[in-house]
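Remarks on the overall topology
Each chain, letter by letter, is given below.
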Amino acid sequence: MQKKKKNLYDFDYEEEEERKLKRKKEKADKKSASKKNKKKKSGKHGQAETKKKYDDEIIIGVTRVPERKKANGTNSPTKRTNQSITKTNKKASKDKVNIEKKDNHNAKKIKKEAKRSVYNYDEEDYNLQLKMQKKKKRIILALKILTAIIVFVGIICFCMLSPIFNVNTIVVEGNNIISKEEIISLSGIKKNENIFKFSKSQISKNIKQNAYVNEIKVSKSIPDTIKITIEERVPQYMLEFGNGYVYINNQGYILEISNQKLELPIILGISTKEENIIEGKRLEQEDLIKLGTVIKIIDVAENNGISNLITTIDIKDSENYTLYLESEKKTVYLGDCTNLETRMLYLVSIMNNEKNIEGEIFINMNLNLGTEYPFFRESI
């Protein structure tokens, strides 16, 4: 029988012959131990014989001396072996992951190469195939866009033709001078017509043809309501125009030409030509500058409680603005309107002193010199 070759690196298992020798020795030890036990029982003076220690004996046939186990159980061969096995397993798992990644990469590469060589294409055929695929994708994208456009157009057509979206309500707010009916007429909106037919910008443009309209806001409430909010210009002064009057606001906009006289101050002596007096337009620049002075005169007069007495303001001579107070039957030569508040105080004082007496008040001198003072001259 051929002898089994000894493995010098196997520390956990012994060879067959070594095991047999070990068993024989164990049997011999047991027999000797039993004999000693009997002697102990029958020994002199009843003293027990001490046990024989085999810890330091050399066992024949054992390839290595077993290490003594520490109290805390560390550094045992079994534990070291388990640790080495765990490290080996971790390394093996990492190697396995790396191998799988390489395999996946190689599989993709092989698949790509196989795709190129499936029909034994050469380089030109492969490029042609790629171009065809890109062209196919573009066609599909174009079809999707076309479909979206068709759907969108269909929705628009439905909204434009459906009676659900016909105008049923027109709301007008902020108007005091212009009537609601006039605003709706100017807007061009008609009931029972599609709401999407009317452009908000066009509605605003149409309504702004009226000079009284300063600002306008148009909003739509789907499905059937249009709301128009108006900010109007307010007439503050009048101009004489033939047999009628022209209403203007404090920005010089010509609002209306009418035969009706309003309870507003009349401005005389403007330089704007008659052919340029058109509703919606403004006065010429020279008149706009003078209008600024007129506004100051009215504001100071209002602070002194006499603005309602001023019926006419002549602005022809910018060095000598002239006021006419119809109820008081007095003409006031105000001068160039420097030191306007001081001039107005003189005017109020003279009016109180010359109550109900027709005449002229002169305040058109230079008040800073102190050589001349305002005075009243009664009409003869």
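Up top is the structure.
Let me begin by describing the structure that accompanies this report. Predicted model, so just to flag it, every value in this text is computed and none were measured. Here, residues in each chain are numbered from 1, in the same order as that chain's written sequence. Only residues with pLDDT of at least 70 get local features here, since the model is predicted, and only at 80 or more are side-chain atom pairs given and counted; chain-wide, interface and lining totals rely on the full set of residues. Calculation of side-chain values draws on the structure's entire complement of heavy atoms; hydrogens and water are dropped beforehand.

Moving on: the overall build of the chain. Going along the chain from the N terminus, every DSSP run of H or I of four or more residues is numbered as a helix, and every run of E of two or more is numbered as a strand. For the chain, the count of helices and strands is 7 helices and 12 strands. Relative accessibility thresholds used throughout: buried, under 20% of the residue-type maximum; exposed, over 50%; partly exposed, between the two (1.4 Å probe, protein chains only). When burial is assessed residue by residue, the chain has 25% of its 380 residues classed as buried. Residue pairs at least 24 apart in sequence account for 48% of intrachain contacts in the chain once pairs closer than 6 positions are excluded. Note on contacts: a residue pair is in contact if any heavy atoms of the two residues lie within 4.5 Å.

Moving on: the sheet that holds strand 5 (residues 244-248). Strand pairs in the sheet, formed through backbone hydrogen bonds, run parallel or antiparallel to each other. What makes two strands pair is DSSP finding at least two bridges between them. Taken in spatial order, the 9 strands make up an open sheet running 6-5-4-7-8-9-10-11-12, and their pairing is mixed. What marks the edges here is a single partner per strand, and that holds for strand 6 (254-258) and strand 12 (375-378). If you compare each strand with its neighbour and ignore which way they point, the axes differ by 25° on average. In the sheet, strand 4 (residues 237-241) pairs with strand 5 via 5 bridges, with the strands oriented antiparallel. When the bridges of strand 5 are listed, glutamate 240 appears paired with tyrosine 245. With respect to the sheet, helix 7 (residues 340-353) is in contact with strand 9 (321-325), strand 10 (330-335), strand 11 (359-362) and strand 12, its orientation differing from that of strand 10 by roughly 160°. Between the N-to-C directions of two axes lies an angle of 0 to 180 degrees, each axis being a line fitted to C-alpha atoms and, for a helix, fitted only over the stretch in contact.

Before going further, it helps to examine the packing of aromatic side chains. To pair, rings of Phe, Tyr and Trp, with the six-membered ring standing in for Trp, must have centres within 6.5 Å; the planes then decide the type, stacked if under 30 degrees apart, edge-to-face if over 60, and tilted in the middle. Summed over all chains, the structure comprises 3 aromatic pairs. Plain terms: the ring middles of phenylalanine 362 and phenylalanine 375 are 4.8 Å apart, the flat faces sit at 20° to each other, and that makes the pair stacked. In this pair, phenylalanine 362 sits in strand 11 while phenylalanine 375 sits in strand 12, placing the two residues 13 residues apart along the sequence. Of the residues examined, phenylalanine 362 reaches a relative accessible area of 12% and is grouped as buried. A connected cluster of aromatic rings, assembled from ring pairs, spans Tyr333, Phe362 and Phe375. Should the NZ of a Lys or the CZ of an Arg lie within 6 Å of a ring centre and within 35 degrees of the ring normal, that charge is described as sitting over the ring. Residue placement shows arginine 233 over the ring face of tyrosine 253; its charged tip is 3.9 Å from the ring centre.

A word on helix 7. Multiply 1.5 Å by the residue count of a helix minus one, and that product is the helix's expected span. The terminal C-alpha atoms of helix 7 lie 20 Å apart, and with 14 residues this matches the ideal 20 Å at 1.5 Å per residue to within 8%. For helix 7, the complete set of buried residues consists of Leu340, Arg343, Met344, Leu347, Ile350 and Met351. All buried residues of helix 7 lie within an arc of 125° about the axis, which places them on one face of the element. Residues Glu341, Leu345, Asn352 and Asn353 are exposed on helix 7 and point more than 90 degrees away from its buried face. At its buried positions, helix 7 is contacted by helix 6 (285-303), strand 9, strand 10, strand 11 and strand 12. The arc in question is formed by the directions pointing from the helix axis toward the C-beta atoms.

Our focus in this paragraph is the pattern of salt bridges. The term salt bridge refers to a side-chain nitrogen of Lys or Arg lying within 4 Å of a carboxyl oxygen of Asp or Glu. Applying the stated criterion to the full structure yields 7 salt bridges. Where lysine 290 meets glutamate 286, a salt bridge forms, and the shortest distance between an N and an O atom there is 3.5 Å. Of this pair, lysine 290 and glutamate 286 both sit in helix 6, 4 residues apart, which is roughly one turn of the helix. Overall, the relative accessible area of 8% leaves lysine 290 in the buried class.

The next thing to look at is the side chain of asparagine 249. Mapped onto the elements of the fold, asparagine 249 is located in the loop between strand 5 and strand 6. Throughout this description, a polar contact denotes any pair of N or O atoms lying within 3.5 Å of each other; where both atoms belong to protein, one of them has to be capable of donating a hydrogen while the other can accept it, and for residues adjacent in sequence the pair is counted only when both atoms sit in side chains. In this structure the side chain of asparagine 249 is engaged in a polar contact, spanning 2.9 Å, whose partner is the backbone nitrogen of tyrosine 253. Sequence-distant contacts of asparagine 249, defined by excluding residues within four places in its chain, comprise Arg233, Val234, Pro235, Gln236, Tyr237, Leu255 and Leu291.

Spatial strand order, 1-3-2: 3 strands in an open sheet with mixed pairing. The two strands at the open ends of the sheet, each matched to only one other strand, are strand 1 (169-173) and strand 2 (213-221). Strand-to-strand twist in this sheet, taken as the mean axis angle between neighbours without regard to direction, amounts to 15°. Strand direction decides the pairing type here: strand 2 and strand 3 (residues 225-232), joined by 8 bridges, are antiparallel. Along strand 3, the bridge assignment pairs lysine 220 with isoleucine 226. Here helix 4 (residues 180-187) sits on the sheet and contacts strand 1 and strand 3; the angle it forms with strand 1, its principal contact strand, is near 120°.

Running from N to C, helix 4 and helix 5 (residues 200-207) point in directions that differ by 125°, and their axes come no closer than 7 Å. Classed by the angle they form, the pair helix 4 and helix 5 counts as oblique. Considering only the axes of helix 4 and helix 5, their crossing is right-handed. Here Ile183, Leu186 and Ser187 of helix 4 lie close against helix 5, whose contacting residues are Ile203, Asn206 and Ile207. Residue classes follow a fixed rule: Ala, Val, Leu, Ile, Met, Phe, Trp, Tyr, Cys and Pro count as nonpolar, while Asp, Glu, Lys and Arg count as charged, and any other residue, Gly among them, counts as polar. For the contact of helix 4 with helix 5, the residue count by class is 4 nonpolar, 2 polar and no charged. Angle categories: roughly parallel below 35 degrees, roughly antiparallel above 145, roughly perpendicular from 65 to 115, and oblique for all the rest. Two helices crossing with the near one rotated counterclockwise from the far one by less than a right angle form a left-handed crossing, whereas a clockwise rotation gives a right-handed crossing.

The buried fraction of strand 10 amounts to 5 of the 6 residues, a majority that puts the element mostly inside the structure. As paired elements, strand 9 and strand 10 share 5 bridges and run antiparallel to each other. The partner of leucine 325 across the bridge, within strand 10, is lysine 330. Where strand 10 meets strand 11, 4 bridges bridge the pair, whose relative direction is parallel. Bridging from a neighbouring strand, threonine 331 pairs with glutamate 360 of strand 11. Here is how to tell: hold the view so the strands point away, follow the path from the first strand over the helix to the second, and if it runs clockwise the crossover is right-handed. As for the winding sense of the linkage, the β-α-β connection from strand 10 through helix 7 to strand 11 is left-handed.

Bear in mind that shape data such as this cannot, by itself, settle questions of function.
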